[in-house]
Amino acid sequence: MDDEFLTRVSFAGVPHTLPHSSNISQVTLYPMTPHDVCKVYWTLSSLAVSYVYSINGVSVYRNFSATSSVTPKNRLIAPATFETTDFDSQTQTSYAMALKLDGVYFSTDDNSKIGLKLIFEEVDSFNLINLCLWPIPGMDNIAREFTFLNKSFSVYLNYQSPSVTSASFSSFAMVPEFIVI
C-alpha cells in the first residue's frame, strides 16, 4: 500500500466518528485488544471459515470466505463490510457470515477490552440444526473452540432431539487475511 495517511482515532484505534457502544451483550468477538480491533478495522482483506459437522449420518463440509474492496484510506468514511450468504439445496441449509465494522463495543469497567460483532450462522429448512456463536435454549449442542487473533471463542452446533439421533462437530476454523503495509 503506497497511499499513506493519518487520522484521528479513538481509544479502540478506529475512526473517532465510528459508533462506540458499551452494550457488550451485542458483541460476539469479545474481549479483544485495541491493537487487534485496530488491525482488523484498517487491514483486514478477507475472512475465511471452514468447518465439518455431521447430523444423522450426513457429513457437511463448508469452506467459504468474505472479502471487502474498501481500501484502508477509504475506511475513514466507509467502514469495510465482510459478508457472504449461500444456500445448500442438498442439505437444505442456509449459511451466512457478516463482520460489519460499523461500530465497536467496549467495557465501561475496562476500555482496553474491545469487541466486534460477527454474525455467523447455518440453519436448515426444518429447524433441526442451528450452527452459530451462542447456545440456543431448548436445543442440545456441541461446542467447539476456535482461535481468532490469538484469542479463543466458541461456536455451537445446536440441534433438536429426538429428531437428531446423531450429531458430531469435527472442526471449525476462522482465518483472517490482512493487507500488507
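Residues numbered from 1 in each chain as written. Predicted model: local features only at pLDDT ≥ 70, side-chain atom pairs only at ≥ 80, totals over all residues. Heavy atoms only, no water.

(A) Representation of the pattern of salt bridges within the structure. As enumerated under the stated definition, the model contains 3 salt bridges in all. The closest approach of N and O atoms between D88 and R62, which form a salt bridge, is 2.8 Å. Linking D88 in strand 5 (residues 81-88) with R62 in strand 4 (residues 58-67), this pair joins segments that are 26 residues apart in sequence. Like D88, the residue R62 is buried in the burial classification. With a shortest N-O distance of 3.0 Å, R62 and E122 are connected by a salt bridge. Remark: E122 occurs in strand 9 (residues 118-124) and R62 occurs in strand 4; sequence separation between them is 60 residues. (Salt bridge = Lys/Arg side-chain N within 4 Å of Asp/Glu carboxyl O. Helix = DSSP H or I, 4+ residues; strand = E, 2+ residues; numbered from the N terminus. Buried < 20%, exposed > 50% of the residue type's maximum accessible area, 1.4 Å probe, protein only.)

(B) How the structure looks around the packing of aromatic side chains. A complete count under the given rule lists 11 aromatic pairs for this structure. Geometrically, the ring pair formed by F5 and W42 is tilted, given 5.7 Å between the ring centres and 55° between the ring planes. Placement of F5 in the segment before strand 1 (20-21) and of W42 in helix 1 (residues 34-43) is noted, with a sequence separation of 37 residues between them. Among the residues examined, F5 registers a relative accessible area of 25% and is labelled partly exposed. Ring plane angle 85° and centroid distance 5.5 Å describe the contact between Y51 and F120, whose orientation is recorded as edge-to-face. You can see Y51 sitting in strand 3 (residues 44-55) and its partner F120 sitting in strand 9, a full 69 residues away along the chain. (Phe/Tyr/Trp six-rings, centres within 6.5 Å; stacked < 30°, edge-to-face > 60°.)

(C) Structural view of the nonpolar core. Of all hydrophobic cores here, the largest spans 45 residues; its most connected members are Y51, L99, F120 and F148. The greatest single-element share of this core, amounting to 6 residues, is contributed by strand 3. Those residues within four positions of F120 in sequence are excluded, and the remaining contacts are V49, Y51, F64, A96, M97, L131, C132, L133, V155 and F172. (Core = buried A, V, L, I, M, F, W, Y, C linked by side-chain atoms within 4.5 Å. Contact = heavy atoms within 4.5 Å.)

(D) Expanded view of the sheet that holds strand 4. Within the open sheet, the 3 strands sit side by side as 4-3-13. Their pairing is antiparallel. Looking at which strands have only one partner, the edges of the open sheet turn out to be strand 4 and strand 13 (167-178). The sheet shows a mean angle of 5° between the axes of neighbouring strands, direction not considered. Summarising the sheet, strand 3 and strand 13 pair through 11 bridges and their orientation is antiparallel. Residue pairing across strands places L47 opposite P176, the latter belonging to strand 13. Each of strand 3 and strand 13 touches helix 1; the most contacted strand, strand 3, lies at about 105° to it. (Pairing = 2+ DSSP bridges. Axes fitted to C-alpha atoms, helices over the stretch in contact; angles between N-to-C directions.)

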